[in-house]
Amino acid sequence: MRDFSQDHQWMSINTATVRKSRGQEVPLLDILDACARLGVRAISPWRDQVAAAGLEQVSRVVRSHGLALSGYCRGGMFTASDDAGLMRARDDNRRAVDEACELNAACLVLVVGGLPGALQGKAEYHDIARARAQITEGIAQLLEYARERKMPIAIEPLHPMYAADRACINTLEQALDVCDLVDPARSGDIGVAVDLYHVWWDPKLQAQIERAGQKRLLAFHVCDWLTPTTDLLNDRGMMGDGVIEIPKARRWVEGQGFAGFSEVEIFSYRWWELDTDTILRNCIERHRSVV
């Protein structure tokens, strides 16, 4: 396993981690400047932040700072109650692939969606098997386009508490089943993003990481699970403040040949009350000491 204790060259910052400073939204270009100032080599930005700043401008600043992208957040949300909605999802995901290509991302991360309408407070249907079938079909269609653009896509299974509204693929096993169905040749064009916040609890985690192997392990996200957790979306913990055995999981992932960035992704109303540099400095220190 790589030694992270001496520097943070293999740490990436998911820009959600510093989306806010002292409770206020931080422009993406300011985030990029802060990362460059503190020697952060890689980021994973969110599409809404990129759209607000302008794709071409973000692309120029990323290049000027010499930043790599460990991933791009996010594609997905494949489910819909009618054909028009499915078509909109298809078109939006193709745009996400194009944006990821412009930014030279390592992969496009997919949060696949749950029951359509549930995120807005009213599910348009309740058949989760139908939702999963739409997701599988949507991923198969997107894979064809992503292959043309040479952009790997990574399914991110989310914790089961998000099955209704954000993602009804909830374990690595489910995600890898989809990968094997749409890509039986294990081409490397599709794989998984292992986010420990979502999968740390899974008794099959080690076995499924081994099943994924190097070709399917496209991204590795770290944070911690606090006890108690007061908000199931925005109370993730800084690494070392919770119960996840992060080094053990990293050992499993790197044991399969993964040699990419450890991406720090922390949605936290607690940390967002601090200034950007303080958040980043804590990420750096914890990445060296507990990841």
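Look up: the structure comes first, before these words.
Conventions used here
- For every chain, the first residue of its written sequence is number 1, and the numbers climb from 1 along that sequence.
- Restriction of local features to residues with pLDDT of at least 70 applies here, the model being predicted, together with a cutoff of 80 or more for giving and counting side-chain atom pairs; totals for whole chains, interfaces and linings are based on all residues.
- For the side-chain quantities, the full set of heavy atoms in the structure was used; hydrogens and water were omitted.
- Think of it this way: any DSSP run of H or I at least four residues long counts as a helix, any run of E at least two long counts as a strand, and we number them from the N terminus.
- Each residue gets one of three labels from its accessible area relative to the maximum for its type: buried under 20%, exposed over 50%, partly exposed in between, using a 1.4 Å probe on protein chains only.
- We call two residues in contact whenever any of their non-hydrogen atoms come within 4.5 Å of each other.
- Note on areas: Shrake-Rupley, 1.4 Å probe, and residue coverage restricted to the protein chains presented here.
- His is not counted, nor are the chain ends, whereas Lys and Arg count as positive and Asp and Glu as negative.
- Lysine's charge is taken at NZ, arginine's at CZ, aspartate's at CG and glutamate's at CD.
- Here, a salt bridge means any side-chain nitrogen of Lys or Arg that lies within 4 Å of a carboxyl oxygen of Asp or Glu.
- Here a polar contact means two N or O atoms within 3.5 Å. Within protein one must be a hydrogen donor candidate and the other an acceptor candidate, and residues neighboring in sequence count only if both atoms are side-chain atoms.
- In this analysis, axes come from line fits to C-alpha atoms, helices being fitted only over the stretch in contact, and the angle between any two N-to-C directions falls in the range 0 to 180 degrees.
- A clockwise turn of the near helix away from the far one marks a right-handed crossing, whereas an anticlockwise turn of less than a right angle marks a left-handed crossing.
- Each residue is assigned to one of three groups, with Ala, Val, Leu, Ile, Met, Phe, Trp, Tyr, Cys and Pro labelled nonpolar, Asp, Glu, Lys and Arg labelled charged, and all others, Gly among them, labelled polar.
- Taking the helix axis as origin, the arc is that swept by the directions to the C-beta atoms.
- Strand pairing is assigned whenever DSSP identifies at least 2 bridges connecting the two strands.
- Orient the strands so they point away from the viewer; a crossover is then right-handed if the path from the first strand over the helix to the second runs clockwise.

Chemist: Quick one: what's the story with the overall build of the chain, residue by residue and with numbers?
Modeler: Helix and strand content of the chain: 10 helices and 11 strands. Overall, the chain is about 50 × 40 × 40 Å in size when its C-alpha atoms are taken along their principal axes. Residues classed as buried in the chain amount to 54% of the 291 residues present. Considering only residue pairs separated by 6 or more positions, the chain has 79% of its internal contacts joining residues 24 or more positions apart. When the accessible surface of the chain is summed, it comes to about 12200 Å², and 49% of that surface belongs to carbon and sulfur atoms. If you average the places of the 34 positive and of the 41 negative side-chain charges in the chain, the two averages end up 2 Å apart.

Chemist: So, the pattern of salt bridges: which residues are in play, and what are the values?
Modeler: Following the criterion strictly, the structure yields 26 salt bridges and no others. With a closest N to O distance of 3.5 Å, D165 and R166 form a salt bridge. For R166, a relative accessible area of 23% puts it in the partly exposed group. Taking the shortest distance from any N to any O, the salt bridge between D195 and R236 comes out at 3.3 Å. Of this pair, D195 sits in strand β9 (residues 190-195) while R236 sits in the loop between β10 (217-222) and α9 (246-255), and the two are 41 residues apart along the sequence. Put simply, R147, D177, D180, D183, D189, R211 and R216 are held in one network by salt bridges that share partners.

Chemist: Tell me about the side chain of R286, residues and numbers included.
Modeler: Looking at where R286 falls in the secondary structure, it is placed in helix α10 (residues 276-289). In this structure the side chain of R286 is engaged in a polar contact, spanning 2.7 Å, whose partner is the backbone oxygen of M239. In contact with R286, other than residues within four places in its own chain, are M238, M239, G240, D241 and V291.

Chemist: Can you lay out the packing of helix α4 (residues 83-102) against helix α5 (residues 128-149) for me, pointing to particular residues and giving the numbers?
Modeler: Their axes nearest at 10 Å, the elements α4 and α5 cross at an angle of 35°. Every pair of crossing elements has a handedness; the one defined by α4 and α5 is right-handed. Here L86, R90, N93, R94, V97, D98 and C101 of α4 come into contact with α5, specifically with Q134, Q141, L142, Y145, A146 and R149.

Chemist: Please set out the side chain of S12 residue by residue, giving values where relevant.
Modeler: Relative to the elements of secondary structure, S12 occurs in strand β1 (residues 11-14). Judged by relative accessible area, which is 0%, S12 ranks as buried. A polar contact is formed between the side chain of S12 and the backbone nitrogen of I43, at a distance of 3.4 Å. Leave out the neighbours within four places in its chain, and S12 touches A42, I43, S44, S70, F261, S262, E263 and V264.

Chemist: I'd love a proper account of the packing of helix α6 (residues 172-182) against helix α8 (residues 205-216), names of residues and values included.
Modeler: Their axes nearest at 10 Å, the elements α6 and α8 cross at an angle of 35°. Relative to α8, the crossing made by α6 is left-handed. Listed contacts from α8 to L172, E173, L176, D177, C179 and D180 of α6 are L205, Q208, I209, R211, A212 and R216. Each residue belonging to the contact of α6 with α8 can be placed in one class, and the counts come to 6 nonpolar, 1 polar and 5 charged.

Chemist: Hey, could you go over helix α1 (residues 28-37) for me, with residue numbers and the actual values?
Modeler: Note that an α-helix has 3.6 residues per turn; residues three or four places apart therefore point the same way. Buried within α1 are the following residues: L28, I31, L32, A34 and C35. Buried residues of α1, viewed axially, fall in a sector of 165°; they line one side. Tucked inside the fold, the buried residues of α1 contact β1, β4 (42-44), α2 (47-53), α3 (55-65) and α10. Immediately beyond the C-terminal end of α1, within one or two residues, lies G39, with a positive phi of roughly 75°.

Chemist: Would you mind going over the environment of Q6 in detail, with residue names and values included?
Modeler: Mapped onto the secondary structure, Q6 falls in the segment before β1. Sequence separation between Q6 and S289 is 283 residues, and the spatial gap between their C-alpha atoms is 9.2 Å. At 3.0 Å, the side chain of Q6 and the side chain of S5 are in polar contact.

Chemist: Please set out the pairing of strand β7 (residues 108-111) residue by residue, giving values where relevant.
Modeler: Where burial is concerned, the two faces of β7 agree: the one with L108 and L110 and the one with V109 and V111 are both buried. Note that strand β6 (residues 72-76) and β7 share 4 bridges and pair parallel. The residue of β7 that forms the bridge with G76 is V111. Where β7 and strand β8 (residues 153-155) come together, 3 bridges link them in parallel fashion. Note that in β8 the partner of V109 across the bridge is A154. In the classification by handedness, the crossover that spans β7, the intervening α5 and the parallel β8 is right-handed.

What is shown is where atoms sit, not what they do.
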